[in-house]
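Notes for the structure review
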Amino acid sequence: MGEKKYILQNAPFKVPTHDGKLIEEHFGLASTRTQAFSIAHMVAPPHWGEPHQTPEFDEVTIVLRGKKLVEIDGESIELSAGQTLLIKAGARIRYSNPFDQEVEYWSVCIPAFDINTVHREEEE
């Protein structure tokens, strides 16, 4: 019998963070060496934010609960539970949760998230 044609993920890679955000990569470079895409479950605490970035990959966000603010090339979009958003590679973006409740969401990156291609800006 040959190699299995599936991967059952029981232990996603927990990305170390210093800002209280939970990142569990189920498939991607860190967890399964998958380069074509990455899928991560995330929970961002209230009043969380990260610096602007200009990724070389497309990213889909699927919000499960709470709200998330996304700045895309100077435009602000507030995402709520049940909404999805596709951001194309090359857009200057910033993700944050300026609200009083945590936000839970999934992120799908194509190709896979790579710290070398996210191009985060220095915090001000």
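Quick look at the structure, then. All values reported here derive from a predicted model rather than from experimental measurement. (Residues numbered from 1 in each chain as written. Predicted model: local features only at pLDDT ≥ 70, side-chain atom pairs only at ≥ 80, totals over all residues. Heavy atoms only, no water.)

A few points about the sheet that holds strand β2 (residues 22-27)
- The strand order across the open sheet built from six strands is β1-β2-β3-β10-β5-β8, with neighbouring strands paired in antiparallel fashion. Across the chains shown, the open sheet's two edge strands, defined by having one partner strand only, are β1 (13-14) and β8 (84-87).
- Two strands pair when backbone bridges link them, and strand β3 (residues 38-44) and strand β10 (residues 103-110) are joined in this way by seven bridges, in the antiparallel orientation. Residue pairing for β10: V43 is matched across the bridge by E104. (Pairing = 2+ DSSP bridges. Helix = DSSP H or I, 4+ residues; strand = E, 2+ residues; numbered from the N terminus.)

What about the sheet that holds strand β7 (residues 75-80)?
- Taken together, four strands build an open sheet; the order of strands is β4-β9-β6-β7 and the sheet is antiparallel. At either end of the open sheet lies a strand with only one pairing partner, and these are β4 (48-49) and β7.
- As paired elements, strand β6 (residues 67-72) and strand β9 (residues 93-97) share four bridges and run antiparallel to each other. Residue pairing for β9: L69 is matched across the bridge by S96.

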